[in-house]
Amino acid sequence: MEEIEILKKEKTPQNVIDHSIAVCEKAQRIALNFPKADKELIRKGALLHDIGRSRTHGIRHAVVGCKIAREYGYSKDVLNIIERHIGAGITKEESSALGLFEKSYVPQSLEEKIVAHADNLISGTNEVDVDFVINKWESRMENPEDNIKRLIELDEELIQAFKDD
């Protein structure tokens, strides 16, 4: 598998590779709800979403990862997944406060949303629920309300809409 070889070549830690595989599996399960979703794009984006963690584990890992993947010739669609996967997205206003280039990092396409949310729902290699994520964000973020609102909206769009009552 090409993406795994790239992660290894970039010296991505094994726990990050294992996490990326788990995110890929979760993203593929979410994508089953969407027949028109590009499953191959989701696979590539999910496997590479944390490639920037080969250089940094900070918030900038998405931007760094996008740069690394660009050097390997990945399409803009894959680059967007990598760049926009953090949490439920980072708004233009939030980006400058976090020390990122000022622009929106909120997932736009269906495939971007699926990978970002799959990443939210995998902690390490374990599947977690939205309540787990909310509790984690509340303990780690100042004023997480807007992020939590976006998280819940993603969950409603991608998962809850397909659950049987």
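Counting of residues starts from 1 at the beginning of each chain's written sequence and follows it residue by residue. The predicted origin of the model limits local features to residues at a pLDDT of at least 70 and limits the giving and counting of side-chain atom pairs to 80 or more, whereas totals for whole chains, interfaces and linings rest on all residues. Water and hydrogen atoms were dropped before computing side-chain values, which therefore reflect all heavy atoms in the structure.

**A closer look at the packing of aromatic side chains**
Link 1 in the chain: Here is the rule: rings of Phe, Tyr and Trp (six-membered ring for Trp) pair when centre to centre is within 6.5 Å. Planes less than 30 degrees apart are stacked, more than 60 are edge-to-face, and the remainder are tilted. Counted by the stated rule, this structure contains one aromatic pair.
Link 2 in the chain: Taken together, a centroid distance of 5.0 Å and an interplanar angle of 75 degrees make the contact between Phe 34 and Phe 162 edge-to-face. Taken together, the residues Phe 34 in the loop between α2 (14–31) and α3 (39–48) and Phe 162 in the segment after α9 (145–158) connect sequence positions 128 residues apart.
Link 3 in the chain: The exposure class assigned to Phe 34 is buried, which follows from its relative accessible area of 15%.
Link 4 in the chain: The buried label applies to any residue whose accessible area, calculated with a 1.4 Å probe on protein chains only, is under 20% of its type's maximum; exposed applies above 50%, and partly exposed to all values in between. You can call Phe 162 partly exposed: its relative accessible area is 38%. A run of H or I in DSSP counts as a helix once it spans at least four residues, and a run of E counts as a strand once it spans at least two, with each numbered from the N terminus.

**Points about the environment of Lys 149**
Link 1 in the chain: Tracing the chain through its elements places Lys 149 in helix α9.
Link 2 in the chain: With a relative accessible area of 53%, Lys 149 lands in the exposed category.
Link 3 in the chain: Taking the C-alpha atoms as reference, Lys 149 lies 8.8 Å from Ala 88; in sequence the two are 61 residues apart.

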